[in-house]
Amino acid sequence: LAIGKEYPFENVKMIGWLSKYGWDMTDLFFIMSGITFAIAYKQKIENDEINFINLMKKRITRLYPLMIISEVVMVILEGVYYRLHAAWWLSDLNIWQIFISLLGIPTGWINMSYIVNMPVWYIGVLMQCYVLCFFITKLKKKYNIENYVYLIPIIIYISLDNCGGTNLNFIMLNVSSSRGIQAFFLGIII
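The present account deals with the structure reproduced in this document. Residue indices begin from 1 for each chain and proceed along its sequence in written order. Predicted model: local features are reported for residues with pLDDT of at least 70 only, side-chain atom pairs are reported and counted for 80 or more only, and whole-chain, interface and lining totals are derived from all residues. Heavy atoms from the whole structure form the basis of all side-chain values; hydrogens and water molecules are not counted.

1. Quick notes on the overall build of the protein
Under the scheme used here, helices are H or I runs from DSSP no shorter than 4 residues and strands are E runs no shorter than 2 residues, and both carry numbers assigned from the N terminus. Along its length, the protein carries 7 helices and 2 strands. Along its sequence from the N terminus, the protein presents helices and strands in the succession α-α-α-α-α-α-β-β-α. For the exposure calls, accessible area comes from a 1.4 Å probe over protein chains only, and a residue counts as buried if that area is under 20% of its type's maximum, exposed if over 50%, partly exposed in between. The burial tally for the protein puts 41% of its 190 residues in the buried class. Here, residues are in contact when the closest pair of their heavy atoms is within 4.5 Å. A separation threshold of at least 6 residues defines the contact pool for the protein, and within that pool the share at least 24 residues apart is 64%.

Dropping the structure here:
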């Protein structure tokens, strides 16, 4: 959420805290996702027990239905909030943004931030993490590289975060995805 933005539930202490600072917990979820991915898939990828297409099918069929449900709920809440306050709650809502959000690609894949809700941002970045991790794991096995190779995305995205004002946005190489990718790969290393 943008700094300085009015939060709709500021008068309720716990909900106000969550709406302002709860996003910090997202990093923990990315770390947990990295750990889970490493446990469930890393060895299978290295042993060629699962290919890229099958991995992505498994992840999409598990994540996208929940994302679509959260998308529908947030569109309804945005509409209700707009009717009550004549202003948007989290983002300006339009058909293009809803469509891009339903695809799960608003953040990092194209030049847009989260559109309707943060679960879409999370899943969009998480799918990027799966793609990166799959190919890094394949290269790791092919060239017999140590597990330190999983530090490379962390280093690249920390560098990207500290480039200040570059506004680099090239598919998965952008600041919008940075925080999630760093945390996910920290989870892989753990």
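The rest of the description comes next.
2. Remarks on the environment of serine 178
Tracing the chain through its elements places serine 178 in helix H7 (residues 175-189). Owing to a relative accessible area of 0%, serine 178 belongs among the buried residues under this scheme. If near-sequence neighbours (up to four positions away) are discounted, serine 178 is found in contact with Tyr157 and Asp161.

3. Details of a nonpolar patch on the surface
A surface patch of nonpolar side chains, about 520 Å² in accessible area, is lined by Ile68, Val72, Ile76, Val80, Leu84 and Leu102. Examined against the element boundaries, valine 72 turns out to sit in helix H3 (residues 52-85). Distance thresholds for patches are 9 Å for like charges and 5 Å for nonpolar side chains (Val, Leu, Ile, Met, Phe, Trp, Tyr), applied to residues having over 30% relative accessible area and no salt bridge. All accessible areas in this document rest on Shrake-Rupley with a 1.4 Å probe, and a residue is counted as covered only by the protein chains that are shown. Basic side-chain nitrogens of Lys or Arg form a salt bridge, by our definition, when they fall within 4 Å of a carboxyl oxygen of Asp or Glu.

4. A word on the pattern of salt bridges
Overall, the coordinates contain 5 salt bridges when judged by the stated rule. Between aspartate 27 and arginine 179 there is a salt bridge whose closest N-O contact spans 2.5 Å. Taken together, the residues span a long stretch of sequence, with aspartate 27 in helix H2 (residues 24-46) and arginine 179 in helix H7 at a distance of 152 residues. Where lysine 141 meets aspartate 48, a salt bridge forms, and the shortest distance between an N and an O atom there is 3.5 Å. Taken together, the residues lysine 141 in helix H5 (residues 118-142) and aspartate 48 in the loop between H2 and H3 connect sequence positions 93 residues apart. On the basis of relative accessible area, aspartate 48 is assigned to the exposed category, the value being 51%. Where salt bridges share partners, they join Lys42, Glu46 and Lys140 into one cluster.

Keep in mind that these numbers describe shape and distance, not what the molecule does.
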